[in-house]
Amino acid sequence: MQIADTGTALREILKSAPRPCVLVPTMGAFHAGHLALMQQARALAGPGGTVIVSIFVNPIQFDRAADLAAYPRPLTSDLAACGEIGVDVVFTPAADAMYFPDRSVSVTESLLSRHLCGASRPGHFDGVCTVVLKLFLLTGCDTSIFGEKDFQQLAIIRRMVRDLDLPVEIVSGPTVREPDGLAMSSRNSRLTPQQRQDAPRLRQALLDAVSLGSVEAILSSARAAIEASPLTRIDYLTLVDAETLQPISEILRPAVLAVAVFYGEVRLIDHASVAPA
Ligand code: PAF
């Protein structure tokens, strides 16, 4: 496994890398969800292709300095996990290797990012799109894999690829959950034992609500179930069209019930599909 910590070093390594090149962009702190994406990448690249994993806690997608500072960075164990899975190249740049201090160009998506995490985390998706575009350009990857847990991120990346004619195929990987239903997240490790025990209620609240038929019934049932715990504070709870990610007042097409909650300083997200009657 080769490791690069600058764009120049990465380009040098990848000059002679066999195709297809499959990129898994990550911020590290791997859990089983990341490992599944890397295994999926390995299978897609085949034994002769190249799997690239980027590990970069991207400062420009954090809207809260405390969240950026607290983000776990267990690089040694992350690299070991990449080695075990058979990743070919790991890209681990420092922030100053990715961004000029006076950078003045970024990517903005202006429709799908209006609601959900885009509304409650100003600038977040500009930061995600900008770093992902840079990673596509630095690696020249053929395919890139993103988790379905961050479904707004996945939709926005697909839109960026479509609108900017990027020659990269986007593949999604299913959400991996703990046995009690909690979606795997690097942030779960920051929950207190009491918060961790409470957190699976989030998923259950969504699943219990999605079959209730009307937008009002779904939202009020999920809100009541989530607010029944004194440990959480809802950041948003929204029912959106599955394609446009705009809030809906009637369920005429596939939709998504999406939630973000705070447990103290830790923000968790989850979502569930809603089918039209
Ligand atoms: O999903 C993530 O971990 C990040 O948003 C990504 C795609 C690696 C960009 O920094």
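Placed above this text is the structure.
Position numbers for residues start from 1 in each chain and track the written sequence from start to end. With the structure being a predicted model, the display of local features is reserved for residues of pLDDT at least 70 and the display and counting of side-chain atom pairs for 80 or more, all residues being used for whole-chain, interface and lining totals. The basis for the side-chain values is all heavy atoms of the structure; hydrogens and waters are excluded.

Asks: Just to check I follow, could you spell out the site of the ligand for this structure?
Replies: Put simply, a residue is near a molecule or strand once any heavy atom of it comes within 4 Å of that molecule or strand. Neighbouring the ligand are Pro 25, Thr 26, Met 27, Asn 58, Gln 61, Val 128, Val 131, Phe 146, Asp 150 and Gln 153. In the model, an oxygen atom of the ligand is placed 2.6 Å from a nitrogen or oxygen of the Gln 61 side chain. At 2.7 Å from an oxygen atom of the ligand is found a side-chain nitrogen or oxygen belonging to Gln 153. Using a 1.4 Å probe, accessible areas were evaluated by the Shrake-Rupley method; residue-level cover was limited to the displayed protein chains. When the ligand sits alone it has 290 Å² of accessible area, and the protein chains cover 89% of it. Put simply, DSSP marks the helices as runs of H or I at least four residues long and the strands as runs of E at least two long, and each gets a number from the N terminus on. Elements represented by at least two residues in the shell around the ligand include exactly β2 (21-26) and α7 (124-139). Polarity classes work like this: nonpolar for Ala, Val, Leu, Ile, Met, Phe, Trp, Tyr, Cys and Pro, charged for Asp, Glu, Lys and Arg, and polar for all others, with Gly in that last group. Across the shell around the ligand, the residue classes break down as five nonpolar, four polar and one charged. In protein, a polar contact means a hydrogen-donor-capable atom and an acceptor-capable atom, both N or O and within 3.5 Å, with residues adjacent in sequence counting only if both atoms are side-chain atoms; elsewhere, any N or O pair within 3.5 Å suffices.

Asks: I'm lost on unusual backbone geometry in this one. Help?
Replies: One can expect most non-glycine residues to show negative phi and most peptide bonds to be in trans. Omega for the bond connecting Arg 19 with Pro 20 falls within 30 degrees of zero, at 0 degrees, which places this linkage in the cis form. Residue position: Pro 20 is located in the loop between α1 (7-14) and β2. For Ala 29, which is not glycine, the phi torsion reads 55 degrees and is therefore positive. Relative to the helices and strands, Ala 29 is located in the loop between β2 and α2 (32-45).

Asks: Mind showing me how you'd approach the pattern of salt bridges here?
Replies: Between side chains of opposite charge, a pair can form as their charged atoms come close. Between Lys or Arg on one side and Asp or Glu on the other, a salt bridge is scored when a side-chain nitrogen of the former is within 4 Å of a carboxyl oxygen of the latter. Considering all chains together, one arrives at 15 salt bridges under this definition. Arg 267 is the partner of Asp 235 in a salt bridge, and the nearest nitrogen-oxygen pair spans 2.8 Å. Separated by 32 residues along the polypeptide, Asp 235 in strand β7 (residues 232-241) and Arg 267 in strand β9 (residues 266-274) bring together distant segments of the chain. A residue is classified by how much of its surface remains accessible, and Arg 267, at 9% relative accessible area, is buried. Ionic contacts of the salt-bridge type, sharing partners, join the residues Arg 64, Asp 67, Arg 187, Arg 190 and Glu 265 into one network. Residue exposure (1.4 Å probe, protein chains only): buried if accessible area is under 20% of the type maximum, exposed if over 50%, otherwise partly exposed.

Geometric descriptors of this kind do not, in isolation, establish any biological role.
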